[in-house]
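# Chains, contacts and geometry: an overview
Residue-level listing of the chains:
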Amino acid sequence: MLSLATKRTPVLKWTNLGRHTISTSRLHLAPSASESRSLPPSDYATPVAGTKVLESFSEEFEIGSKKITFETGKMARFANGAVVLAMEETKVLSTVASGKGDAVRDFLPLTLISRLTFEDVVWQAPELVSVMSLGFYLIQTLPLIFSGRAHMVDYQEKQFAQGVIPTTFMRREGAPKERELLCGRLIDRPIRPLFPAGFYHEVQVMASVLSSDGKQDPDIMAANATSVALMLSDIPWGGPIGMIRIGRISGEFIVNPTMDELNLSDLNLVYACTKDKTLMIDVQAREISERDLEAALRLAHPEAVKYLEPQIRLAARAGKRKKEYKLSMMSEMTLEKVRNLAEAPIDAVFTDPTYGKFERGEALDRITQDVRRELEEEGDEESLKALPKTVDTVRKGIVRRRIIAEGLRVDGRRLDEVRPLFCEAGNLPQLHGSSLFSRGDTQVLCTVTLGAPGDAQRLDSLVGPSTKRFMLHYSFPPFCINEVGKRAGLNRREVGHGTLAEKALLAVLPPENELRYTIRINSEVMASDGSTSMATVCAGSMALMDAGIPLREHVAGVSVGLVTDVDPSTGIIKDYRILTDILGLEDHLGDMDFKIAGTRNGITAIQLDIKPAGIPLDIVCESLEPAFKARLQILDHMEQEINAPRTLDERNSPRIVTLKYSNEALRRLIGPLGALRRKIEEETGARISVNDGSLTIVAKNHGVLDKVLEKVDFIIGREIEVGGIYKGIVTSIKEYGAFVEFNGGQHGLLHVSELSHEPVSRVSDVVSIGQQLHLKCIGQDIRGNIKLSLKETLPQPRSGTNNVVEIEGSFSQIKQATDSWASVGSIPTEQEKQHSAVSKHESSGGASSSYSSPSILIRSAAECDEEEKSTGLKRNSKGGFEAPMNAKSLKIGVEVTSKVHQIRTRGLVLDLGGGIRGMYRFETNGKRDFVIGDELRVKCLSFTSKGIPVMSRAEDD
């Protein structure tokens, strides 16, 4: 459906002051002289406004069941070219402007200064705000703010487009967000190759979303609107272009899918083209096969071409005549002279495969300096000005000719050969996950950090999700190419490369409902010689598996290049070569950088950038096959290093747990202004996030998680379950049992019958106030009190008695073992003495020597002393044995040998053995000069109300 219209729209009125009309527009209506003379005198004192008429032009058409409208002439009339593109209720304004004058450059500065607000300045240099005015302040801080923030194309999403006031402190938009940078790149990549060679005048493109209904992504609309604006302007440009988005749901392709449809789609293909050539491809997919992707590309091309004809018609009616601009072109004479001087030595450098990246670069620089000296001696100023560009042209011709004619690459590889690979996973074991990947001289280090769901990035976009739990941040430091540079702010190249790798890995991650972590990958480029973004994909995949993330498959990426031989008169490609795994130099001197990432099952991400004004789609589709073969080789090496996610026990991986609580319990945990939660985080190093009815804890390791759970249980507890084990503190002791505080302030009864498997006469014999216990919940009594048990957590006592008794226990055990001794044969003299002593003991017991009894083992005195030490037996002052002390054996009147544990003002704290502490009060005129560690023979006099034994000196009785 196609239609065109010309409309005259009254929009405002200008005041008529007698014979003069004030107007800032070319189009206005003023009353004639006869009309002015016919007015009554009273009307001269009352000005009458004239009516301004704006002439606008529009085009309407349909693509994929969506009606699209181009309109120009109503808004941004002073811009060189301006158009509003509308699709349903979403509207985008795109404008272009060019710089004045004939600046001499060797690049196309499609540059823009990003939007700057006072809030940006406050955040980045707040110390200056109080001492200078805003105007002077901005001048002083421009180098700080704009460093690294120049935009090729400025795409803006302001919050008024969806009827929302920004939530920032100044309530206005700040610096460009990542999405705006990415959309700017999406617009820039297809339009840049279509500017004529040698056109280096400054061009500014601004695309702004005027309104958004949330159904359509404005990025595609902005790119098509920019094409229309360039067609309407006087800037020389080889357009128009068309850009389309293709999705796929249940195997069916969808043209211009809505945001809801994209959420269900396993393909997000963005395709830009001219009438017969491909300009740009951007793909995010869930392992789509090469065959299905080719079918999608074949569908996208004719759909994108539908944008072209309406642009041509609108430009014919409302466009400006193209202006003659001065082009910066090198002369044939200069090119021929430099070629004669430099071609032979440059060819010698490129034919030597032993050169590395920097050695080759230094050799080429020396050749350039030699040519410069020759031209300076000749006094050829014109050639000296164009020398860098001319030498680069000579290099390009040599490399491309060798590849086309001989099939030889700069480093000596075959056209389909991948550089040597190196893979290492877990090279930084202290981190959650890490890996190092090298392909040739390109090297990337990736690290993985796992966090709580609350650590997800919050997005502030017109369309798409509000949060993002998987982030990949790509960093390209200057040292990776042996240069000096300054790093500040967001770099659009780094953002673009990181997003490409992020999309490639996103397809193999588990769903969010199965993966409870927020994941951040840091990609640090250690050395760069081509395709660092694809190396990031490989290193990131290994690092995720090293962190224990259950990926479905490994993901690898490779970059494919293209070198063509073009007929200069017709522009037709006569011959071409496809290069696998291109170097940085081959990227610079070639025609295409086709980045393809995926698994063994299919493609997950693609980014195609080209230098010429389009490449046939057939060549693009042909490049998929060598990329697939190279990807399989890389995956083989990656799987040899790590082929399955590591388990949590293998690594110092974080632990994450989600617990359900009532909101009231969570309020107690958070505390006033979150103070209690912050205290727990500071003490343990864990991260705690609270949502409605749930508590998520992320700990560095299992030990930290146990500490956090212990503190959480103490504050708010858990739901009491019969059979559950809880940690509690004894708060009081009664005759019938002890009361224990546990599980966040709850109380339970530990009955005397649940203290031990053996009968207990007194509760204080087993437990004391303040003692920590692990207890088992066994139910509730008739009054609703929680019943706890200590004996259920203790091992069951052994049943039965031993018939064979060795003299290894206490003296009391020896007396209970037997009543008679068996005769012993011939033994050494020392043993005879011991046997004589034992015989006397038998006679005192009144037992008959003829009574048969089990055989026993008799040890030497030295062996007995050693055994006493190992079993903790002590000899008392009377020469007898003293068994180890425990709570059951300590009763009133029992004498024990203790050690001084602490010295206090009024007495001593004694270590009675078995972990029992006793209290001894100094006697009047008694000894007080004790030293910690002194042994005292004491006797138990009584117990305090808290069950602490009170002792006295045994020799004082």
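On a predicted model such as this, the values are computed, not experimentally measured, just so you know.

### Description of the overall build of the chain
Assigned secondary structure in the chain consists of 23 helices and 38 strands. Relative to its 957 residues, the chain shows a buried fraction of 45%. When contacts within the chain are restricted to residue pairs at least 6 apart in sequence, those whose partners lie at least 24 apart make up 68%. On the chain, roughly 48,500 Å² of surface is accessible, and the fraction owed to carbon and sulfur atoms is 52%.

### Some remarks on the pattern of salt bridges
Taken as a whole and assessed by the stated rule, the structure comprises 47 salt bridges. When the shortest N-O distance is used, the salt bridge between Arg400 and Asp591 registers 2.8 Å. Here Arg400 is found in helix H12 (residues 387-406), whereas its partner Asp591 is found in the loop between helix H15 (584-589) and strand S22 (592-598), with 191 residues between them in sequence. Accessibility assignment for this pair places Arg400 and Asp591 in one class, buried. Across the pair Glu586 and Arg409 runs a salt bridge, and its minimum N-O distance is 2.9 Å. With Glu586 in helix H15 and Arg409 in the loop between H12 and strand S13 (421-425), this pair connects stretches of sequence that are 177 residues apart. Looking at Glu586, the relative accessible area reads 5%, which means it is buried. Since its relative accessible area comes to 2%, Arg409 is described here as buried. Look at the salt bridges and you will find they share partners, linking Arg409, Asp411, Arg413, Arg419, Arg439, Asp581 and Glu586 into a network.

### With respect to a negative patch on the surface
Taken together, the side chains of Glu359, Glu362, Asp365 and Asp441 make up a negatively charged region of the molecular surface. Assignment of secondary structure puts Glu362 in helix H10 (residues 357-378).

### Notes on the sheet that holds strand S25 (residues 687-691)
Ordered in space as S24-S26-S25, the three strands form an open sheet in which the pairing is antiparallel. Both edges of this open sheet fall to strand S24 (655-660) and S25, since each of them pairs with a single strand only. Going across the sheet, the axis of each strand differs from the next one's by a mean of 15 degrees, ignoring polarity. By the bridge criterion, six bridges tie S24 to strand S26 (residues 694-699) in an arrangement that is antiparallel. When the bridges of S26 are listed, Ile656 appears paired with Val698. Lying on the sheet, helix H20 (residues 702-715) is in contact with S24, S25 and S26; it crosses S26 at an angle near 145 degrees.

### Looking at the pairing of strand S3 (residues 48-63)
Bridge analysis of S3 against strand S4 (residues 66-72) gives seven bridges, and the strand direction is antiparallel. Looking at the pairing, Ser58 lines up with Glu71 of S4. In sequence, S3 turns back onto S4 through a hairpin of two residues, with Gly64 there showing a positive phi of about 60 degrees.

### A look at the nonpolar core
Counting residues in hydrophobic clusters, the biggest one holds 129 residues, and the most contacted among them are Ile519, Leu544 and Ile549. A per-element tally of this core places helix H5 (residues 218-232) first, with 10 residues. Looking at which domains feed residues into this core, each of domain 1 (57-105 + 148-318) and domain 3 (421-641) supplies at least three. Ranked by size, the runner-up nonpolar core spans 26 residues in total, among them Val394, Ile398, Val563 and Leu589.

### Re the side chain of Asn268
With respect to the secondary-structure elements, Asn268 resides in strand S11 (residues 267-273). Among the polar contacts made by the side chain of Asn268, one reaches the side chain of Arg245 at a distance of 2.9 Å. Filtering out sequence-adjacent residues up to four positions away, Asn268 remains in contact with Arg245, Ile246, Leu262, Asp282, Val283 and Gln284.

### What about unusual backbone geometry?
Cis peptide bonds are those with omega within 30 degrees of zero, and the linkage from Gly239 to Pro240 qualifies with 10 degrees. Along the polypeptide, Pro240 turns up in the loop between H5 and strand S9 (242-249). Of note in this structure, Asn256 is not a glycine but carries a positive phi near 50 degrees. Structurally, Asn256 is set in the loop between strand S10 (252-255) and helix H6 (259-264). Overall, the relative accessible area of 4% leaves Asn256 in the buried class. A positive phi angle, close to 60 degrees, is found at Ser531, a residue other than glycine. Within the secondary structure, Ser531 is located in the loop between strand S19 (518-527) and helix H14 (532-546).

### Brief notes about the packing of aromatic side chains
Taken as a whole and judged by the stated rule, the model has eight aromatic pairs. Between the aromatic rings of Phe195 and Phe199, the centroid separation amounts to 5.8 Å while the plane-to-plane angle is 5 degrees, which identifies the pairing as stacked. Neither residue differs from the other here; Phe195 and Phe199 are each classed as buried. On the basis of an interplanar angle of 90 degrees and a centroid distance of 6.3 Å, the ring pair of Tyr736 and Phe739 is categorised as edge-to-face. In this structure Tyr736 comes out as partly exposed when scored by relative accessible area, which is 41%. Three or more aromatic residues joined by ring pairs form one cluster here, namely Phe61, Phe70 and Tyr307. Directly above the aromatic system of Tyr325 lies the positively charged group of Lys323, at a separation of 5.2 Å from the ring centroid.

### What to know about the pairing of strand S6 (residues 90-98)
Summarising burial for S6: seven of the nine residues are buried, a large majority. Sheet analysis places S6 next to strand S8 (residues 203-211), joined by eight bridges and oriented antiparallel. Bridging across to S8, Ser94 finds its partner in Ala207.

### As for the side chain of Ser94
Looking at the secondary structure, you find Ser94 in strand S6. Its relative accessible area of 0% is what places Ser94 among the buried residues. In this structure the side chain of Ser94 is engaged in a polar contact, spanning 2.9 Å, whose partner is the side chain of Thr226. Those residues in contact with Ser94 that sit more than four places away from it in its chain are Gly81, Ala82, Val83, Val205, Met206, Ala207, Ala222, Ala225, Thr226 and Ala229.

### Remarks on the sheet that holds strand S20 (residues 556-566)
With antiparallel pairing, eight strands are arranged side by side in an open sheet as S10-S9-S11-S12-S23-S22-S20-S21. What marks the edges here is a single partner per strand, and that holds for S10 and strand S21 (573-580). The sheet shows a mean angle of 20 degrees between the axes of neighbouring strands, direction not considered. Pairing analysis gives seven bridges linking S20 to S21, with the strands arranged antiparallel.

### Section: the environment of Leu617
Mapping Leu617 onto the fold places it in helix H16 (residues 617-622). Spatially, the C-alpha atom of Leu617 lies 6.3 Å from that of Lys277, the residues being 340 residues apart in sequence. Discounting residues that sit within four places of it in the chain, Leu617 has contacts with Tyr271, Thr278, Leu297, Arg298 and His301.

### Here's the deal with the packing of H14 against helix H17 (residues 624-641)
Look at H14 against H17: their axes get within 11 Å of each other, and the N-to-C directions meet at 25 degrees. One way to sum up the angle between H14 and H17 is to call them roughly parallel. Between H14 and H17 the crossing geometry is right-handed. Mapping the contact onto sequence places Cys538, Ser541 and Met542 in H14 and Ile634, Met638 and Glu641 in H17.

Calculation notes
- Residues numbered from 1 in each chain as written.
- Predicted model: local features only at pLDDT ≥ 70, side-chain atom pairs only at ≥ 80, totals over all residues.
- Heavy atoms only, no water.
- Helix = DSSP H or I, 4+ residues; strand = E, 2+ residues; numbered from the N terminus.
- Buried < 20%, exposed > 50% of the residue type's maximum accessible area, 1.4 Å probe, protein only.
- Contact = heavy atoms within 4.5 Å.
- Areas by Shrake-Rupley, 256 points an atom, 1.4 Å probe, with all protein chains shown as cover.
- Salt bridge = Lys/Arg side-chain N within 4 Å of Asp/Glu carboxyl O.
- Patch = residues over 30% accessible without salt bridge, like charges linked within 9 Å, V, L, I, M, F, W, Y side chains within 5 Å.
- Lys, Arg positive; Asp, Glu negative; His and termini not counted.
- Charge placed at Lys NZ, Arg CZ, Asp CG, Glu CD.
- Pairing = 2+ DSSP bridges.
- Axes fitted to C-alpha atoms, helices over the stretch in contact; angles between N-to-C directions.
- Core = buried A, V, L, I, M, F, W, Y, C linked by side-chain atoms within 4.5 Å.
- Domains from an automatic or database assignment.
- Polar contact = N/O pair within 3.5 Å; in protein donor to acceptor, adjacent residues only side chain to side chain.
- Phe/Tyr/Trp six-rings, centres within 6.5 Å; stacked < 30°, edge-to-face > 60°.
- Lys NZ or Arg CZ within 6 Å of the ring centre and 35° of its normal.
- Parallel < 35°, antiparallel > 145°, perpendicular 65-115°, else oblique.
- Left-handed = near helix turned anticlockwise from the far one by under 90°.

None of this, on its own, says anything about what the molecule does.
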